[in-house]
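Observations on chain architecture
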There are 2 protein chains.
Amino acid sequence: MQNRPAEMEKRKLTLKDIATSLGISISTVSRALKEHPDIAQETIDRVKEYAQEHHYVPNYLAVNFRKSRTFNIGLIVPELVHHFFANVISGAIAVANKHGYNVMVSQSNDRLADEVMVSRAMLNSSVDGLLISISNETIEGLHIQEFMDAGKPVIQFDKITDLLDTPKVIVDDFDGAYQAVKHLIHRGYKKIAHVKGRDLVKNASERCQGYVKALENHGMESSPDWIKGCTDISEQEGFDFAKELMESNNPPDAFFCITDLVALGVIRYLKQAGYQIPKNVGVMGFSNWHLAEVVSPSLSSVDQHGYEMGKMATEIILEMIQKHSLDNHETYELKTKLVIRESTGSVQSNLVTQG
Amino acid sequence: MQNRPAEMEKRKLTLKDIATSLGISISTVSRALKEHPDIAQETIDRVKEYAQEHHYVPNYLAVNFRKSRTFNIGLIVPELVHHFFANVISGAIAVANKHGYNVMVSQSNDRLADEVMVSRAMLNSSVDGLLISISNETIEGLHIQEFMDAGKPVIQFDKITDLLDTPKVIVDDFDGAYQAVKHLIHRGYKKIAHVKGRDLVKNASERCQGYVKALENHGMESSPDWIKGCTDISEQEGFDFAKELMESNNPPDAFFCITDLVALGVIRYLKQAGYQIPKNVGVMGFSNWHLAEVVSPSLSSVDQHGYEMGKMATEIILEMIQKHSLDNHETYELKTKLVIRESTGSVQSNLVTQG
DNA sequence: CTGTTAGCGCCTTCAT
DNA sequence: ATGAAGGCGCTAACAG
């Protein structure tokens, strides 16, 4: 490796340089490089060879300016350090890269102010479109509307609002919960409790409704006392609610939890109190975090296909970008997948594994 | 919200528009907008007011083209869906956004071919600099050298190679391991085993050396038989090695594991085999994944400050970008933090918690 | 204080 | 089959 001074950055070759070197015009060079049919094969070869040898690489800042597009897509999530969103991002990047796009990632920390800030920064730095899962605080989303006003497609995913007329990619939380509870019923559990999330959060209330519906449809015993609402959706809350319920007059024999984390708390209590899982009590989580697979007993859960969601949202937005059309108002609903592990009675740890 | 047709994207206002509307020249408008001292206050006010009213927003594609910079920084990690890297990204984005930069994220999937592809895409789409944690397969890194050849700073972090002369931000794995093992010794464990990673991976061998050194310095019994090398660094390997060691003639009374995941496998075996943790056997992980806090017994571990690392790397690169200088060849070493939990004998779950 | 001019690198009519 | 010329929107000398 030659040792040139760090500062000495050689000026990049331009079309003009090639043109003068070869004694032809800039436009011929430009056309030759993209194998325009008008150009003589000989010229094409000469130009391409020269470009190759001298490592010509187009100035994309100029290209993009000229065409006013960036080949970037923006992606905003509430929380980056989160298994589900990390998966979404991963899927989005995979598709975007495959099509020659880069992904600019930001997070809102579930705060509206931050979301406005980062979205503004993206609109300015010019992305060609935006994928967003809105913050808990976002209501109207005028800052998001700005993208569409500028002709840039927006896709909402996971956490969405109907106040913004964009395509939406969501997970069928209701059905996921329904299937999960149905599974518990089939396993023979008779008294199924639910540790739910906050009612104002759509995903949470959907799951709760799925739970209720599944009990109803199977003629199962149910009771409002068996539904406990988390506030911060923590491991500790799972522990506390499990304790409260198991010590009550009418203790459940299974728990369907809003989240794997909460389920872990439930398990911690049950083990400590001497219950056998899944023999005495079954436990079902939701989200299928990485940890569900490695804790013991391993945790049955509902996989939300974050990676798939990221892929799908990106495919949709790329199509809109290419068609230069904002005319898509569909809602795409992804089915969840039940992942059955030890905590609901499978013999082996990996009866079903996620895809 | 007014209901305009989705396609009708109004052409954005330009400096020229403002100039003709106000009957002054483009450059005056340009200068007025940035409050150039030469311009009369009155003119400034007129221009600014007009701009405000008509929602002028500069065309950043043009600005960036003109100044040939993008206000983007690239970030490539081996694996996005990984607690540590997610934290790094999060920290990087926080700092970048604060300084008006966006972050373009990609992953190499620990494959050289992918890394070359995504780095090329970033160089093309023009980022102003690159943060990278190289893939396992990367040796020379000529594709990364290209950034520096183009005058763009590169910072390596976590997984690095000395073949590339860039600033580096790493974690002091040796010291982290040393402190962890020292802690086990102080807790009274006498026979400490190590489930290590692959020797070719620098971080892994550093940790192993820290382990060896700590035993040495404290005159502890040691044995090559107590060191087991993982290949895929899985939970199952932890389980298997724990079984193998505990069933041997000279079983250890503590495990220092290359990773929290491996530690979980160790714990699973120990519990199943009837050992008490931490009473009979202590277990120490490494990386302080989220799960370390929520499993039971909660797992003592070594925090690598991913968030801090992302922040630091970004601060360094921003400074280089601003100074327009590649003249930085330092290695910044972050200290780890020992997080003591139940698995090594603390009474409460959270004697020390991470920052 | 303000306007004129030139140009960043590329693409694209239009002409030859 | 090739060239000349204009312009994307903005900035920054250089002139007045």
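Here the structure is a predicted model, which means the values were calculated and not measured. (Residues numbered from 1 in each chain as written. Chains lettered and ligands numbered in written order. Predicted model: local features only at pLDDT ≥ 70, side-chain atom pairs only at ≥ 80, totals over all residues. Heavy atoms only, no water.)

Details of the interface of chain A and chain B
Spelled out, the test is: By the convention used here, residues are in contact when the closest approach between their heavy atoms is within 4.5 Å. The term buried area denotes the loss of accessible surface (1.4 Å probe radius) that occurs when two parts are joined, taken as the sum for both partners. Here, a salt bridge means any Lys or Arg side-chain nitrogen found within 4 Å of an Asp or Glu carboxyl oxygen. Under the rule applied, a polar contact is a pair of N or O atoms within 3.5 Å (in protein, one hydrogen donor and one hydrogen acceptor; residues adjacent in sequence only if both atoms are side-chain atoms). Working definition: helices are DSSP H or I runs of at least four residues, strands are E runs of at least two. Numbering for both runs from the N terminus.
Contact with chain A, which involves 57 residues of that partner, is made by 57 residues of chain B. Buried surface at the junction of chain A and chain B, summed over both partners, amounts to about 4,900 Å²; 60% is from carbon and sulfur atoms. Between chain A and chain B we count zero salt bridges in total. Summed over the shared surface of chain A and chain B, the result is six residue pairs in polar contact (both at pLDDT 80 or more). Those elements giving two or more residues to the side of chain A that touches chain B turn out to be helix H4 (60–67), helix H5 (83–98), strand E2 (102–107), helix H6 (112–125), helix H7 (142–149), helix H11 (260–272) and helix H12 (290–294) of chain A. It is H5(A) that contributes the most residues to the side of chain A that touches chain B, seven residues altogether.

Comments concerning the pairing of strand E5 (residues 168–171) of chain A
Residues and elements named next belong to chain A. What counts, and what does not: Relative accessibility under 20% of the residue-type maximum defines a buried residue, over 50% an exposed one, and the middle range a partly exposed one, all with a 1.4 Å probe and only protein chains included. For two strands to count as paired, DSSP must find a minimum of two bridges between them.
Here E5 shows two buried faces, one formed by Lys168 and Ile170 and the other by Val169 and Val171. Two strands pair when backbone bridges link them, and strand E4 (residues 154–157) and E5 are joined in this way by two bridges, in the parallel orientation. Of the residues in E5, the one forming a bridge with glutamine 156 is lysine 168. Examined bridge by bridge, E5 and strand E11 (residues 331–334) share four bridges and lie parallel to one another. Note that in E11 the partner of valine 171 across the bridge is leucine 334.

Observations regarding the domain arrangement of chain A
Rules: Each domain's extent is set by a domain assignment, obtained either automatically or from a database.
If you check the domain split of chain A, you get domain 1 (15–58), domain 2 (72–170 + 306–334) and domain 3 (173–304). Spacing between the C-alpha centres of domain 1 of chain A and domain 3 of chain A amounts to 66 Å.

Examining the side chain of Ser234(B)
Residue and element names in this part refer to chain B. Summarising the element assignment, serine 234 is placed in the loop between strand E7 (227–229) and helix H10 (235–246). Residue class for serine 234 comes out buried when judged on its relative accessible area of 16%. Here glutamate 237 takes part through its backbone nitrogen, which lies 3.1 Å from a polar atom of the side chain of serine 234. What serine 234 contacts, discounting residues up to four positions off in sequence, is Leu261 and Val262.

Focus on the relation of the copies chain A and chain B
What counts here: A residue counts toward the fit only if its pLDDT is at least 70 in both copies, and the copies are then superposed by least squares on the C-alpha atoms of those residues.
Overlay of chain A on chain B (RMSD 0.1 Å): rotation 180°, translation along the axis 0.1 Å. Taken together, the rotation angle and the small translation identify this as a two-fold axis. Residue Met104(A) of chain A places its C-alpha closer to the rotation axis than any other residue of that unit, at 2.2 Å. A shared interface surface links the copies, since 100% of the contact residues of chain A are contact residues in chain B too.

Here we look at the pattern of salt bridges
One side chain can pair with another of opposite charge once the charged atoms of both are near each other. All names here are of chain A. In total, this model carries 24 salt bridges over all chains according to the counting rule given. The salt bridge involving lysine 48 is made with glutamate 35; its shortest N-O contact spans 2.5 Å. Taken together, the residues lysine 48 in helix H3 (residues 41–53) and glutamate 35 in the loop between helix H2 (26–33) and H3 connect sequence positions 13 residues apart. Note on lysine 48: relative accessible area 30%, which makes it partly exposed. Exposure remark for glutamate 35: the relative accessible area of 47% places this residue in the partly exposed category. Measuring nitrogen to oxygen at the nearest pair gives 2.8 Å for the salt bridge that ties glutamate 244 to lysine 228. Taken together, the positions of glutamate 244 in helix H10 (residues 235–246) and lysine 228 in strand E7 (residues 227–229) put the pair 16 residues apart, joining distant regions of the chain. Taking relative accessible area as the criterion, glutamate 244 reaches 42% and is therefore assigned partly exposed.

Things to note about the UniProt feature "domain: HTH lacI-type" (unreviewed entry) in chain A
Where we set the bar: UniProt positions are given in the numbering used here, feature names are shortened, and annotations may be inferred rather than shown by experiment.
Mapped onto the present numbering, the UniProt feature "domain: HTH lacI-type" (unreviewed entry) falls on residues 13–67 of chain A. The distance separating the terminal C-alpha atoms of residues 13–67 of chain A is 20 Å; by composition the span is 67% helix and 0% strand.

Focus: the protein's contact with DNA strand D
As a reminder, the rule being used: We define proximity as follows: a residue is near a molecule or strand when any one of its heavy atoms falls within 4 Å of that partner.
Taken together, 25 residues form the shell around DNA strand D, and within it Thr28(A), Arg31(A), Leu15(B), Tyr56(B) and Arg66(B) come nearest. Contact distances for DNA strand D include 3.1 Å between a sugar or linking oxygen and a backbone N or O atom of Asp38(A). At 2.7 Å, a backbone N or O of Leu15(B) approaches a phosphate oxygen of DNA strand D. Secondary-structure elements contributing two or more residues to the surface near DNA strand D are H2 and H4 of chain A together with helix H2 (26–33) and helix H4 (60–67) of chain B.

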